[in-house]
Amino acid sequence: MAKPSTGVAPDPMVARLRAALGGRIFTEQKMFGGTCFMINGNMLIGTSKRGLLVRVGKDAHAAAAARPHASTMEMGGRSMEGYIRVAPEGTTTDADLAGWLHRALAFVETLPPKAKAKPAKGSK
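Residues numbered from 1 in each chain as written. Predicted model: local features only at pLDDT ≥ 70, side-chain atom pairs only at ≥ 80, totals over all residues. Heavy atoms only, no water.

Asks: Which parts of the structure should I look at to understand the pattern of salt bridges?
Replies: A side chain of one charge can pair with a side chain of the opposite charge when the charged atoms of the two come close. Following the criterion strictly, the structure yields 3 salt bridges and no others. Residues R24 and E109 are paired through a salt bridge, measuring 3.8 Å at the closest nitrogen-oxygen approach. With a gap of 85 residues between them, R24 in the loop between α1 (12-21) and β1 (27-31) and E109 in the segment after α3 (94-108) connect regions that are remote in the sequence. Look at R24 and you get partly exposed, because its relative accessible area is 38%. (Salt bridge = Lys/Arg side-chain N within 4 Å of Asp/Glu carboxyl O. Helix = DSSP H or I, 4+ residues; strand = E, 2+ residues; numbered from the N terminus. Buried < 20%, exposed > 50% of the residue type's maximum accessible area, 1.4 Å probe, protein only.)

Next up, the structure:
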């Protein structure tokens, strides 16, 4: 039996990111109202209604925020240093998207893998 439609169209950015990541091993997780892509348990890049969320790290933050269509990510009124929000206009071409993905990979690939969370007591 087919699943009933939720009426929500799939986000085309998710498919673009999957393709851009190619043969890399990654996981996807629903976060920040979109889909985040993780490598070794570390957040890499994510989608949202307002654009792309890119993790560049604190050292590359200023240079990334100065790029066209980019700004510091804000959450709950707080600036999130090391995370950049890229407006949809900044990812229209595959080359634009690849550039942002490259910046995220340059930082996240320096991070140690995160240990898997231990199950809560009493869970299986």
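Asks: What am I meant to see in the pairing of strand β3 (residues 42-48) here?
Replies: Consecutive side chains along a regular strand alternate between the two faces of the sheet. Counted residue by residue, β3 has 7 buried out of 7 residues, so it is predominantly covered. Bridge analysis of strand β2 (residues 34-39) against β3 gives 4 bridges, and the strand direction is antiparallel. Directly across from F37, in β3, lies its bridge partner I45. Connecting β2 to the next strand, β3, in antiparallel fashion are 2 residues, including N40 with a positive phi near 55°. Judged from the 4 bridges that link them, β3 and strand β4 (residues 51-55) form a sheet pairing that is antiparallel. Considered in β4, the bridge of I45 is made with V54. Where β3 folds back on β4, the antiparallel hairpin that results is connected by 2 residues. (Pairing = 2+ DSSP bridges.)

Asks: Looking at this structure, I do not really get the side chain of R85. What am I missing?
Replies: Structurally, R85 can be placed in strand β6 (residues 78-86). It turns out R85 is buried and unbridged, and the closest side chain with the opposite charge, E74, is 9.3 Å from it. Within the structure, R85 has its side chain in polar contact with the side chain of S48 (distance 2.8 Å). Apart from the residues within four sequence positions on either side, R85 is in contact with S48, R50, G51, L52, L53, H69, A70, S71, T72 and M73. (Lys, Arg positive; Asp, Glu negative; His and termini not counted. Polar contact = N/O pair within 3.5 Å; in protein donor to acceptor, adjacent residues only side chain to side chain. Contact = heavy atoms within 4.5 Å.)

Asks: Would you mind showing me how to read the packing of α1 against α3 here?
Replies: Helices that pack against each other are described as a pair by the angle of their axes relative to one another and the distance between those axes. Remark: α1 packs on α3, axes separated minimally by 11 Å, with the N-to-C direction vectors making an angle of 65°. With respect to their mutual orientation, α1 and α3 come out roughly perpendicular. For the element pair α1 and α3, the recorded crossing hand is right-handed. Two secondary-structure elements touch here, α1 through M13, R16, L17, A20 and L21 and α3 through D94, L97 and L101. A class-by-class count of the residues in the contact of α1 with α3 yields 6 nonpolar, no polar and 2 charged. (Axes fitted to C-alpha atoms, helices over the stretch in contact; angles between N-to-C directions. Parallel < 35°, antiparallel > 145°, perpendicular 65-115°, else oblique. Left-handed = near helix turned anticlockwise from the far one by under 90°. Nonpolar A, V, L, I, M, F, W, Y, C, P; charged D, E, K, R; others polar.)

Asks: Would you explain the environment of L17 in this entry?
Replies: Looking at where L17 falls in the secondary structure, it is placed in helix α1. Sequence separation between L17 and A98 is 81 residues; the distance between their C-alpha atoms is 8.8 Å. Contact partners of L17, with chain neighbours within four places excluded, come to F37, I45, T47, L52 and L97.

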